[in-house]
Amino acid sequence: MPSQPSESSGTSQPTGAQPGTGAGTGADSGSENPNLDFAGTTPYEDYVKADVLTHLQHPLSDDPGEMSFLVTTQVMELWFTVIVHEWTVASRALRADDPRTALEALKRSVYEMLSLNASWEPLAHLTPAQFNAYRGALGEGSGFQSAMYRRMEFMLGEKSASMLVPHRGAPRVHDELEKALHEPSLYDEVLRYLARRGEDIPEEVTGRDVSQRYEPHPRVEQVWARIYSGDPGSELLRLGEALTEVAEQVWRWRNDHLVATRRAMGSKQGTGGSAGVAWLEKRARKNVFPELWTARSYV
Ligand code: HEM
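Reading the values: the criteria
- All residue numbers refer to positions counted from 1 along the written sequence of the respective chain.
- Since the coordinates come from a predicted model, pLDDT governs what is reported: local features require at least 70, and pairs of side-chain atoms require 80 or more to be given and counted, while whole-chain, interface and lining totals use all residues.
- Going along the chain from the N terminus, every DSSP run of H or I of four or more residues is numbered as a helix, and every run of E of two or more is numbered as a strand.
- Counting other C-beta atoms within 10 Å of each residue's C-beta, where C-beta atoms are placed from the backbone, gives the exposure class: buried for 20 or more, exposed for 12 or fewer, partly exposed between.
- We call a set of buried Ala, Val, Leu, Ile, Met, Phe, Trp, Tyr and Cys residues a nonpolar core when their C-beta atoms link them within 7 Å.
- It is the C-beta atoms, placed from the backbone, that decide contacts: two residues are in contact if theirs lie within 7 Å.
- Whether a residue is near a molecule or strand depends on its C-beta atom, generated from backbone atoms, being within 6 Å of that molecule or strand.
- Expected helix span is computed as 1.5 Å times (number of residues minus one).
- Here, the arc refers to the directions that run from the helix axis to the C-beta atoms.
- UniProt positions are given in the numbering used here, feature names are shortened, and annotations may be inferred rather than shown by experiment.
- Only the stretch in contact is used when fitting a helix axis, every axis being a line fitted to C-alpha atoms; angles between N-to-C directions are given from 0 to 180 degrees.
- Every angle not falling under 35 degrees, over 145, or within 65 to 115 is termed oblique; those three ranges are roughly parallel, roughly antiparallel and roughly perpendicular.
- Note on convention: near helix rotated counterclockwise from far helix by under a right angle means a left-handed crossing. Clockwise means right-handed.
- Three classes are used, and their members are as follows: Ala, Val, Leu, Ile, Met, Phe, Trp, Tyr, Cys and Pro are nonpolar, Asp, Glu, Lys and Arg are charged, and the others, Gly among them, are polar.

**Student:** Honestly, the overall build of the protein chain in this entry has me stumped. Any pointers?
**Tutor:** When its secondary structure is counted, the protein chain shows 13 helices and zero strands. The N-to-C order of helical and strand elements in the protein chain reads α-α-α-α-α-α-α-α-α-α-α-α-α. Looking at the protein chain as a whole, 24% of its 299 residues are labelled buried.

So, in structure tokens, the structure goes:
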């Protein structure tokens, strides 16, 4: 048995010990036990804000299963936030002609998306009765109103000004989303970078109105087909593959969402007012980085 700090050591200071410095109370002093003495909140709390984070759960029903639904949704919002961060890093790096930093950020985002997608498990097996136990309490609330998810979609090129409308009443969220609408998407930055590298990306693509949904272009498809037919270790091919991984994980998130929804509510209308599964099926069919997929037929 390792020796434990005495109960009183949580509050009393050994001679010469400074609260929070570790002096005399932790590993640095030769003890095998962690520090217990902090003047205020712990450094962990100061960094992680765990106290804030773990008190943001306010279920709307008495059903014990709602906590799982709420926390899964919050966890996904956090992953959306990290992924938007990574794609922002990647976009900036590409703009600065720094593909290495972009690739690193894209690869991190793929691992994060694997975790995001694994978070479907607690909701992937709900029966309609289990979901109904708290569905009514959600009112008109729907993931459709997630601003961070919308930013992800905008960064993928799936732009739509009408998606700002639900956020008119929340100025900060609305401003961030409006900025994202008018910024080049991650894919716009990729295509502009390819053009600067001498690839035959037409001007109507590099100079397009970036607030509009990206539409595939045959010459972009030809560029990817050429890249994929060339040196298998080339930087541009690795960029293409990192983007393909991203696209695949987005597609998997959409499909896991679709299947979870089909299991939990069949073909009922969504709480957000859409046709539910039928609407999500259409959304799931949308291609991410379209030419990266179609170009494969010509390699
Ligand atoms: C079993 C649980 C879930 C069901 C039954 C469900 C159902 C639905 C439905 C029917 C829609 C269409 C819009 C509407 O009419 O409401 C929708 C949209 C959406 N949901 Fe869920 N959802 C579930 C869990 C989640 C979770 C955990 C998230 C995570 C944030 C989420 C995020 C979204 C997003 C982002 C959209 C909009 C998709 C888009 O714009 O393409 N959903 N959901």
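**Student:** What is the right way to read the nonpolar core from this model?
**Tutor:** For soluble globular proteins, the rule of thumb is that nonpolar side chains tend to be buried together. Counting 44 residues, the largest nonpolar core has Ala-90, Met-155, Val-190 and Leu-243 as the members making the most contacts within it. Of all elements in the fold, only α3 (66-95), α4 (99-118), α6 (147-155), α7 (171-182), α8 (186-196), α10 (218-229) and α11 (235-265) reach the threshold of two or more residues within this core. In terms of residue count, the dominant contributor to this core is α3 (nine residues). Formed by seven residues, the second largest nonpolar core is a distinct cluster that contains Leu-123, Leu-126, Phe-131 and Ala-260.

**Student:** Sorry if this is basic, but what is going on with the environment of Phe-69 here?
**Tutor:** Position of Phe-69 among the secondary structure elements: in helix α3. A C-alpha to C-alpha distance of 9.1 Å links Phe-69 and Phe-131, two positions 62 residues apart in sequence. Those residues in contact with Phe-69 that lie beyond four places of it in its chain are Leu-123 and Tyr-134.

**Student:** Teacher, can you tell me more about the site of the ligand here?
**Tutor:** In the neighbourhood of the ligand, 26 residues make up the surrounding shell, with Ser-142, Gly-143, Gly-270, Gly-272 and Ser-274 lying closest. For the shell around the ligand, the elements supplying multiple residues, two or more each, are α3, α11 and α12 (277-284). At five residues, α11 tops the list of elements feeding residues into the shell around the ligand.

**Student:** Where do I start with α10 in this structure?
**Tutor:** A rise of 1.5 Å per residue sets the reference length of α10, with its 12 residues, at 16 Å; its end C-alpha atoms lie 16 Å apart and thus fit the reference within 8%. Along α10, the positions that sit buried rather than exposed are Val-220, Val-223, Trp-224 and Ile-227. One side of α10 carries all its buried residues, which in axial view fall inside an arc of 95°. The outward face of α10, more than 90 degrees from its buried face, is lined by the exposed residues Pro-218 and Ser-229. Buried positions along α10 lie against α8, α9 (203-206), α11 and α13 (290-294).

**Student:** I keep staring at unusual backbone geometry and nothing clicks. Help me out?
**Tutor:** Note: most peptide bonds trans; most residues except glycine with negative phi. Of note in the backbone geometry, Lys-49 takes a positive phi value of approximately 55° without being a glycine. Along the polypeptide, Lys-49 turns up in the loop between α1 (43-48) and α2 (50-53). Positive phi values are uncommon outside glycine, yet Phe-289 reaches one of about 50°. For Phe-289, a count of 23 C-beta atoms within 10 Å corresponds to the buried category.

**Student:** Please explain the UniProt feature "binding site: heme" (unreviewed entry) in the protein chain as it appears in this structure.
**Tutor:** Per the UniProt record, the feature "binding site: heme" (unreviewed entry) sits at His-257. Here His-257 is to be found in helix α11.

**Student:** Any chance you could explain the environment of Val-165 here in plain terms?
**Tutor:** Summarising the element assignment, Val-165 is placed in the loop between α6 and α7. The spacing of Val-165 and Gln-145 is 20 residues in sequence and 9.8 Å in space, taken between C-alpha atoms.

**Student:** What is the right way to read the packing of α4 against α11 from this model?
**Tutor:** Think of two packed helices as two axes; the pair is described by the angle between the axes and how far apart they sit. Running from N to C, α4 and α11 cross one another at 20°; their axes reach a closest spacing of 10 Å. Taken together, the axes of α4 and α11 lie roughly parallel to each other. Handedness of the crossing formed by α4 with α11: left-handed. Contacts from Pro-99, Leu-103, Leu-106, Lys-107, Ser-109, Val-110, Met-113, Leu-114, Leu-116 and Asn-117 of α4 reach α11 at Glu-235, Arg-238, Leu-239, Ala-242, Leu-243, Glu-245, Val-246, Gln-249, Arg-252, Trp-253 and Asp-256. Looking at side-chain class alone, the contact of α4 with α11 contains 12 nonpolar, three polar and six charged residues.

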